Amino acid sequence: MASVRNWWIFRSLGQHSLNNNYLLIEACLIGVISGLAALFLKQGIGFVGGYRVILSRQYGAWLILPLFGVVCGWLAGYLLETFAPEAKGGGVPQVKVVLAQFPLPLNWKVALAKSIGTILVLGGGLTLGRRGPSVHIGAALAAQLSQWLPTTPNHRRQMIAAGAAAGLAAGFNTPIAGVLFVVEELMRDMSGLTLETAIVASFTGSVVSRWFGTSDLNLPAELLNAANQSNFYLAEIPWYLLLGGLAGVLGALFNRGILTVLGFNRRLRLSLGVRMAIAGAISGTVVAFLPPFFRDNAGLRDFLLTGDAGWQVIAIAFVAHFFLSLIAYGSGAPGGLFAPTLVLGTALGYLVGTCAEIFVPEATQYTYALAGMGAFFTGVARVPVTAIVIVFELTTDFNLVLPLMLASVTALIVAESIFKGSIYEYLLEASGIHLEEEKNPQVLTDLTAAQVMQPEVETLESHLNLKDLVPILSESPHRGFPVLKQGKLVGIVTQGDLAQMAAQGKNLTVAQVMQRKVITVSPRASLSDVLYLLNRYQISRLPVVDNDQLQGIITRSDIIRAEAQELLGKSHHAVQRTPSYCVYQTHTSDNYKRKLWVAIANPNTAEALITFAAAIAKEKNAMVYCLNVVQVAATYPLTDAHMNTYPERHLMEKLERLGETLGISIHTQVILAYDVAGAILQEISSKDQGLILGWQGDRHPGGQLFGSVMEYLVKKVPCDVILVKTSHAHPLQFKVQPGKIRALVPIAGGPNAERAQEFIPALLHLSPEVVRYSLPSQICLCQVYQPQQRPQHFPLLVKAKRGLDPLVEIPIIPLPIRSSHIADSLIRLIKEETYDLVILGASRESLFQKALHGNIPEAIAKGTNRTVVIIRGALDITDPE
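Scoring rules and cut-offs
Residues numbered from 1 in each chain as written. Predicted model: local features only at pLDDT ≥ 70, side-chain atom pairs only at ≥ 80, totals over all residues. Heavy atoms only, no water. Helix = DSSP H or I, 4+ residues; strand = E, 2+ residues; numbered from the N terminus. Buried < 20%, exposed > 50% of the residue type's maximum accessible area, 1.4 Å probe, protein only. Contact = heavy atoms within 4.5 Å. Areas by Shrake-Rupley, 256 points an atom, 1.4 Å probe, with all protein chains shown as cover. Pairing = 2+ DSSP bridges. Phe/Tyr/Trp six-rings, centres within 6.5 Å; stacked < 30°, edge-to-face > 60°. Lys NZ or Arg CZ within 6 Å of the ring centre and 35° of its normal. Polar contact = N/O pair within 3.5 Å; in protein donor to acceptor, adjacent residues only side chain to side chain. Axes fitted to C-alpha atoms, helices over the stretch in contact; angles between N-to-C directions. Expected span 1.5 Å × (residues − 1). Disulfide = S-S within 2.5 Å. Salt bridge = Lys/Arg side-chain N within 4 Å of Asp/Glu carboxyl O. Nonpolar A, V, L, I, M, F, W, Y, C, P; charged D, E, K, R; others polar.

## Concerning the overall build of the protein chain
So, point 1. Looking only at helices and strands, one finds 36 helices and 18 strands in the protein chain.
So, point 2. Split into buried and exposed, the 881 residues of the protein chain put 54% on the buried side.
So, point 3. For the protein chain, restricting intrachain contacts to residue pairs at least 6 apart in sequence, the fraction spanning at least 24 positions comes to 80%.
So, point 4. Entry remark: accessible area of the protein chain is about 38900 Å², with carbon and sulfur atoms responsible for 58%.

## Regarding the pairing of strand β4 (residues 541-546)
So, point 1. Taking burial as the measure, the six residues of β4 include five buried ones, the bulk of the element.
So, point 2. Examined bridge by bridge, β4 and strand β5 (residues 549-555) share six bridges and lie antiparallel to one another. Its bridge partner being in β5, D546 is matched across the sheet by Q549.
So, point 3. As consecutive antiparallel partners, β4 and β5 are separated by two residues, and within that stretch N547 has a phi angle of approximately 55°, a positive value.

## Notes on the packing of aromatic side chains
So, point 1. By the definition in use, this model includes 15 aromatic pairs.
So, point 2. Taken together, F254, F318, F322, F323 and F376 form an aromatic cluster joined through their ring pairs.
So, point 3. For the cation-ring pair, K595 lies above Y625, with the distance from its terminal atom to the ring centre recorded as 4.8 Å.
So, point 4. Positioned over the ring face of F759 is K620, at 5.1 Å from the centre of the ring.

## As for the side chain of E393
So, point 1. With respect to the helices and strands, E393 occurs in helix α17 (residues 384-395).
So, point 2. At a separation of 2.9 Å, a polar atom in the side chain of E393 contacts the main-chain amide nitrogen of A177.
So, point 3. For E393, the contacting residues outside a window of four places in its chain are T174, P175, I176 and A177.

## Description of the sheet that holds strand β10 (residues 690-694)
So, point 1. Within the open sheet, the 11 strands sit side by side as β6-β9-β8-β7-β10-β11-β18-β17-β13-β15-β16. Their pairing is mixed. Every other strand in the sheet has two partners, leaving β6 (580-585) and β16 (812-818) as the edge strands with one partner each. Going across the sheet, the axis of each strand differs from the next one's by a mean of 25°, ignoring polarity.
So, point 2. Both strand β7 (residues 594-599) and strand β8 (residues 622-631) contribute to a ladder of six bridges, which runs parallel. The residue of β8 that forms the bridge with L596 is V624.
So, point 3. Most of the contacts of helix α31 (residues 751-758) go to strand β17 (residues 837-841), to which it runs at about 145°, and overall it touches β17 and β18 (867-872).

## A few points about the environment of K114
So, point 1. Among the secondary structure elements, K114 is positioned in helix α5 (residues 108-123).
So, point 2. Relative accessible area serves as the criterion here: at 0%, K114 is assigned to the buried category.
So, point 3. The sequence separation of K114 and K88 amounts to 26 residues, and the corresponding C-alpha distance is 7.1 Å.
So, point 4. If we ignore the near neighbours within four places in the chain, the residues touching K114 are L80, A87, K88, G89, G90, G91, Q94, P133, H136, I137 and P334.

## Regarding the pairing of β18
Remark: a regular strand shows side chains that alternate across the two faces of the sheet.
So, point 1. Burial analysis of β18 places six of its six residues in the buried class, the great majority of the element.
So, point 2. Residue alternation in β18 divides its side chains into two sets, T867, V869 and I871 and V868, I870 and R872, and both sets are buried.
So, point 3. Pairing analysis gives five bridges linking strand β11 (residues 721-725) to β18, with the strands arranged antiparallel. Its bridge partner being in β18, L723 is matched across the sheet by I870.
So, point 4. As judged from the five bridges shared by β17 and β18, these two strands associate in the parallel manner. When the sheet's bridge partners are listed, L840 is paired in β18 with I870.

## Details of helix α12 (residues 272-288)
So, point 1. Here α12 contains 17 residues, and its C-alpha end-to-end distance of 24 Å stays within 8% of the 24 Å for a straight helix at 1.5 Å per residue.
So, point 2. Every buried residue of α12 is accounted for by L272, G273, R275, M276, A277, A279, G280, S283, G284, V287 and A288.

## Re the sheet that holds strand β2 (residues 480-485)
Across a sheet, paired strands are connected by hydrogen bonds in the backbone, their directions being either parallel or antiparallel.
So, point 1. Pairing is mixed in the open sheet, where three strands are placed in the order β1-β2-β3. Because the sheet does not close on itself, it has two edges, and the strands there are β1 (460-461) and β3 (488-494).
So, point 2. As judged from the two bridges shared by β1 and β2, these two strands associate in the parallel manner. Bridging across to β2, E461 finds its partner in L484.

## Examining the state of the cysteines
So, point 1. The final tally for this structure, using the stated rule, is zero disulfides.
So, point 2. Between C780, a free cysteine, and C782, which holds the nearest cysteine sulfur, the sulfur-to-sulfur gap is 5.4 Å.
So, point 3. Judged by its relative accessible area of 1%, C780 is buried.

## Focus on the side chain of T386
So, point 1. Looking at the secondary structure, you find T386 in helix α17.
So, point 2. T386 sits in the buried class, given a relative accessible area of 0%.
So, point 3. With near-sequence residues (within four places) excluded, T386 lies in contact with A177, L180, F181, E184 and F377.

## Some words on the pattern of salt bridges
So, point 1. Following the criterion strictly, the structure yields 10 salt bridges and no others.
So, point 2. Measuring nitrogen to oxygen at the nearest pair gives 3.4 Å for the salt bridge that ties E416 to K420.
So, point 3. One salt bridge in this structure joins K654 and E607, with 3.1 Å as the shortest N-O distance. Here E607 lies in helix α27 (residues 603-620) and K654 lies in helix α28 (residues 646-662), a separation of 47 residues in the sequence.
So, point 4. Classification of K654 as partly exposed rests on a relative accessible area of 39%.

## A closer look at the packing of helix α4 (residues 92-99) against helix α6 (residues 131-148)
So, point 1. The interhelical angle for the contact between α4 and α6, taken along N-to-C directions, is 35°, at an axis separation of 8 Å. Here α4 contributes V92, Q94 and V95 to the contact with α6, which in turn contributes G132, V135, H136 and A139.
So, point 2. Tallied by class, the residues present in the contact of α4 with α6 amount to four nonpolar, three polar and no charged.

Below you can see the structure in the form of structure tokens.
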């Protein structure tokens, strides 16, 4: 049933996941869920806390409060340590880590463990708040929802931020502050979509909070009535500066104290449950000997705000709450710092306001208490805008804005001068996580589909049948084609569809076998959205469509190429770099010979490639240039890169000695480069003899036949390219005179096939190291034709034999084979006739057959353990490719 549900979700909503309206609806749903989670958290804390207070009145506070603290602390610690260790702590640092794209778990399991742990801890009497956990829970639920519903990775990050905003808004009933906290502290992102989703989620969460009465920081009615008549006088400016300065100093000390207690607990190496039980015992014992209003955190805050207590009681409340909050948070308990800092700020503001009233009769203590809330929160969290807006949204009193701004900004300046940075950053650093501002360009989000797509797309009409397709596809290198009907995209046809079409007969049309459900993307979509769709639906190509009109197509290789070019072109503009930097080279005197390049990437095949190079160099009178490129990350100038190139140098020296043994001179180079293909390409010119590349006969995971570097070189190198798939089971050795060898040369026509035949005399200098059979040497020219074709005189075979006869001395056998399976027939022939070497031209002919039966060179190379050589002739300089 789950699989059916997932299929329906992804098929129904998959493509809409890139639509901003879809994301706003998802953000609204996140706001509702976060608001309900905040309600559950409030009710749970109220139930456990109320039960604790009732029992303390019946059986004595000195017994119940410490006992409750120990039991609830240990249970919460055991729960977190067993089921979700990442749910411990305040919650805001964990959300920052996930938004910075660190692999920290964030799901429903974290949300549930955090909720239960917070209820136990706060209900057990620890002096922490529930807004930090609300932020964590909202983000965790948003992350889980974005996994259930199709959401791109970049949009998932914005959904998590929206969940955090909704959690804060639901906890305080302050939707604007929820948005600003995301922008100012969590993401530091002012993009339109981030703001839109955060606003929608915060508004929805706040509505749910107000509907169910989730927020318990609503100020007493008498305080609000007085605040509506508050005023700000110029004579009070020094006192607000004093308040901000004290808040900055004490906020910095508060941060240092938390880190000190955390470090002390880590050195003790106690379990999380034991640490939280000790914190609960200390809190319960201290609160048991304080006045009764200390036993309820919400009651303490209201008591301080109304000013019913004298300055002596408020001072005691400040000192007790200060140190108990340090102990509780330093134990790793799942509680936040929002409520403790606001309570401490209230007490500090009340004390400063009491002194200000003596010298400025117009001053009021409640104004200083509210300004102190924002100032102390700023001194701890270093988010002055969020602090100002929280207090303003709670009171809706414009007269408080100036005192809040003055005190909060002063607190920020003083706190930064004493202890620079937010407490959340230090908590992450204490856990071994260092967040830095992103300096490299965000390529996947900066580039769009229109910038990466291939605008020239080969398409098919839906009414075409198999007979019509053969001449159209015979020259095409592609393996998938968009299908159009009256100019509109109606489907896509791939290799498997073509195979089905060939198997069922010629009467089928493209419309009958094509895939009608086509995943498309808008030209304005970011590259990260494109990559998300490719990975989500496991497809290799993505049509770009605008208003039902096909604009282009994107493949994975297009993304890799665009990202590499963008990074190399944009990163670190201030640093002047060269494309490559040579760290080792040898010189020879044969500078007038044509160069035969050998690119060394695998030490295991290096000697075999040099053997091939020796055979070609002897025949073509060329000199061998061995090149080993070491890739360096594009972070520092190449001249400053610290790379251990001893293995590469040692290998080059070994190849030089091998060249002396084979009687050829070898020039060797080891260079550092950011781009391997680019470094090789800049060394080679059209006048060179060729480039030899080693190949393992496998397709690259990205879909290219030879891998991204080799694929690029095959397309761009101007001279001949010789791809060699060596054989460890049947190695070949170099002979000065043509040796005893049996070679198979499949013939398909075309310039590359003719160029491959020109290399045959050179490759006859190779012979098996061990001759196991007494079979005679021969060259077999083989052409495979389809069963439906009539027997003919095979002019390609006749022409090839006529061209080779004067160049070689061993027998040449022309062999036509009738078969519908080209690769299978050739592999069978290789095994039956025991051929040592297979020479193929990288021709473009019969590519329709490749679409039906797979890539022929790859299939042959993978199907035999003999040596396979594929030759791509020099590019025509007039060829736009």
